[in-house]
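# Structural overview for review
The residues making up each chain are set out below.
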Amino acid sequence: MRSNIVLLLIFISNFADSVFFDNFTFDHMIAIESGKVQLWNETDQDKLKKDLFVNYDRFSRPTEHFNTTKVNLGVSILHLETDERRSTVTVHAWMRMVWYDQKLKWKEEDYGKIFVLRIADHELWHPDLYLYNSASGGEPLLRFGGSHALVYPNGEVLHVPPLKQTVLCEFDLRNWPFDTQSCELKYGSWVHHGQEVELALYNNEARIDLSDLLLHNSWKIIDTGAAITSTKYVCCPEPYYDIKFTFRIARNPNPYSSVVIAPSIVNALLVLAQFSLPNGSKQRLYLNGFLLLILASYLLYFLCLFSGTGRGAPLIVQFYVCSLYTVCFGLLSETTVTVISRSKKLKVIESTARKVFAGMVARVLLIESDVPPVSKEALMRNDLDDVDHEEIKLGEYMVRNVPFLSVLVSRLFFILYLSAIIAIGLQFRLD
């Protein structure tokens, strides 16, 4: 057994020696003054980097102090994530930056015709650009660095770092779920004014590049723009430049069609339908109780969904609140009017209502078809004892003879509710 292991080790040693010495030549070994041995030749790129960066200060602006460094800036959005509770949008993007570094120039023929160098971002000077409207409070542009930049013989530097930044965006949920939101990315130098660092648009394109945008199920970018602005602060007489990249996003309402939109239509129809049922009937009472439960449940759902978001209540929430008030006050008013009509002491209110709203108003509101007529003599003496309040058969329902005032209030609530939902519907801005 031991002899087999020894033979195996001798075989491996001989094989390694043969492979190494067959492929290695002593021409690549260069003795240096320190006595150590270097196993490679210095390349043209090594010489170029050594010459460019031997005294390079990456913290110093790469030009004379009286000159201006022009930085061209562009954004390519890849993906968006929204957080409506925090009023923020997280942007996954590529930032395109181009500037000229006067310290990084060379002649191609002196260095083996090298026409581009790939340099790590921590070796170069970068403009101190910050995201002004960052959710974390002044986020530096190169916080998520680690990418390399391209340097050309004329001193041009092209850097395209990938970024993930979260910006503040005020959400207006009034037209939810058909809403559109406008947000912006505001970049600018933190300490350099416009006479030191001048900002310009990449390729003079006043827009955001969306060619690499990934499809999003919830939002769609419908418009973009870019503009350069200058601001003078109290502390400093020089102008400070910033670039605002704006984008508008529209929500996809399809996921909410079966959860919110369809039930809203059904609830509106049920609220309107309950007005067609006879006043005081058990069927109307049961339907109103069911509607109160459903409407209150949806309002609790919206409370969890929109708590602390946006500038105002969405129109869909206003619709449910209006429906809840209509059903609730309709029940209360019907109960109150019925009590008034049944009381002998308060029958004067019933008779007064008949005198005021009889005639044209009653015919327009279709009240006369639901209320039995009363003799003129009974109205003149404010005596409604002639009106039969016992149970009568109305269609398939057994209900009490409905007081005039009860039907009048019900018709008025019907008109008010119908007008309210029409007004709310007209306010929706469908882009």
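Predicted, not measured: the structure shown is a model, and the values here were computed from it.

### What to know about the overall build of the chain
A count of helical and extended segments in the chain gives 9 helices and 16 strands. By residue count, 39% of the 431 residues in the chain fall in the buried class. Counted over contacts in the chain with a minimum sequence separation of 6, partners at least 24 positions apart contribute 74%.

### Re the packing of helix α3 (residues 257-274) against helix α4 (residues 282-306)
The contact between α3 and α4 brings their axes to 11 Å, and the two run at 150°. For the element pair α3 / α4, the angle class is roughly antiparallel. For α3 against α4, the interelement crossing comes out left-handed. Touching V259, V260, P263, N267, L270, V271 and Q274 of α3 are R284, L287, N288, F290, L291, I294, L295, Y298, Y301 and F302, all from α4. Within the contact of α3 with α4, the residues separate by chemical class into 13 nonpolar, 3 polar and 1 charged.

### Quick word on the nonpolar core
Side chains of nonpolar character tend, in soluble globular proteins, to be buried together. Core analysis: the largest hydrophobic core is formed by 71 residues, its most contacted members being V75, V89, L124, L185, F245, F247 and F302. Leaving out residues up to four positions away in the same chain, V75 has contacts with A93, W94, M95, L185, Y187, I208, D209 and F245.

### Thoughts on the state of the cysteines
Summed over all chains, the structure comprises 1 disulfide. For C169, the disulfide goes to C183, at an S-S distance of 1.9 Å. Taking the torsion about the S-S bond as the criterion, the C169 to C183 disulfide, at about -75°, is left-handed. Taken together, the residues C169 in the loop between β10 (162-168) and β11 (180-189) and C183 in strand β11 connect sequence positions 14 residues apart.

### As for the side chain of T224
Topologically, T224 is positioned in strand β13 (residues 219-231). Discounting residues that sit within four places of it in the chain, T224 has contacts with R207, I208, L210, T246 and F247.

### Considering the environment of P62
Along the chain, P62 turns up in the loop between α2 (44-53) and β3 (69-83). P62 gets classed as buried once you look at its relative accessible area, which sits at 0%. Between the C-alpha atom of P62 and that of Q102, which follows or precedes it by 40 residues, the distance is 5.7 Å. Among residues more than four places away in sequence, those in contact with P62 are Y100, D101, Q102, K103 and W125.

### Let's talk about the packing of aromatic side chains
Both the distance between ring centres and the angle between the ring planes are used here to describe each pair of aromatic rings. Taken as a whole and judged by the stated rule, the model has 16 aromatic pairs. Here the aromatic residues W176, Y256, Y298, Y301, F302, F319 and Y320 are joined through ring pairs into a cluster of three or more. Geometry around Y56 places K103 over its ring, the cationic atom sitting 5.6 Å from the centre.

### Details of the pattern of salt bridges
Throughout the structure, instances matching the rule amount to 4 salt bridges. E84 is the salt-bridge partner of R251, the closest N and O atoms lying 2.8 Å from each other. With a gap of 167 residues between them, R251 in strand β14 (residues 240-251) and E84 in the loop between β3 and β4 (88-100) connect regions that are remote in the sequence. A relative accessible area of 18% means that E84 is categorised as buried. Residue R96 pairs with D209 through a salt bridge whose shortest N-O separation is 3.2 Å. In this pair, R96 is assigned in strand β4 and D209 in the loop between β12 (197-201) and β13, connecting sequence segments 113 residues apart. Look at the salt bridges and you will find they share partners, linking E84, D179 and R251 into a network.

### Details of a nonpolar patch on the surface
On the surface, a nonpolar cluster with roughly 220 Å² of combined accessible area is contributed by V259, Y301 and L305. Given the relative accessible area of 39%, V259 is considered partly exposed.

### Examining α3
The end-to-end C-alpha distance of α3 is 24 Å, a good match for the 26 Å that 18 residues give at a rise of 1.5 Å each. Inspection of α3 places V260, P263, S264, N267, A268, V271, L272 and Q274 among the buried residues, and these make up the whole buried set.

### A few points about the confidence of the model for the chain
Per-residue pLDDT for the chain has a mean of 77; in total, 70% of the residues score no lower than 70. Counting contacts from residues 18-34, a segment whose pLDDT is below 50, to residues more than four positions away or on other chains yields 14 contacts.

### Some details on the pairing of β10
Only one face of β10 is buried: it carries L163, Q165 and V167, and the other face, with P162, K164, T166 and L168, is open. Sheet topology note: the β4/β10 ladder contains 7 bridges and is antiparallel. Residue pairing across strands places T88 opposite L168, the latter belonging to β10.

### Some details on the environment of H92
Position of H92 among the secondary structure elements: in strand β4. On a C-alpha basis, the gap between H92 and I77 in space is 6.1 Å, while along the polypeptide they are 15 residues apart. For H92, the contacting residues outside a window of four places in its chain are S76, I77, L78, H79, E81, L163 and K164.

Reading guide: rules and limits
- Residues numbered from 1 in each chain as written.
- Predicted model: local features only at pLDDT ≥ 70, side-chain atom pairs only at ≥ 80, totals over all residues.
- Heavy atoms only, no water.
- Helix = DSSP H or I, 4+ residues; strand = E, 2+ residues; numbered from the N terminus.
- Buried < 20%, exposed > 50% of the residue type's maximum accessible area, 1.4 Å probe, protein only.
- Contact = heavy atoms within 4.5 Å.
- Axes fitted to C-alpha atoms, helices over the stretch in contact; angles between N-to-C directions.
- Parallel < 35°, antiparallel > 145°, perpendicular 65-115°, else oblique.
- Left-handed = near helix turned anticlockwise from the far one by under 90°.
- Nonpolar A, V, L, I, M, F, W, Y, C, P; charged D, E, K, R; others polar.
- Core = buried A, V, L, I, M, F, W, Y, C linked by side-chain atoms within 4.5 Å.
- Disulfide = S-S within 2.5 Å.
- Phe/Tyr/Trp six-rings, centres within 6.5 Å; stacked < 30°, edge-to-face > 60°.
- Lys NZ or Arg CZ within 6 Å of the ring centre and 35° of its normal.
- Salt bridge = Lys/Arg side-chain N within 4 Å of Asp/Glu carboxyl O.
- Patch = residues over 30% accessible without salt bridge, like charges linked within 9 Å, V, L, I, M, F, W, Y side chains within 5 Å.
- Areas by Shrake-Rupley, 256 points an atom, 1.4 Å probe, with all protein chains shown as cover.
- Expected span 1.5 Å × (residues − 1).
- pLDDT = per-residue confidence, 0-100.
- Pairing = 2+ DSSP bridges.

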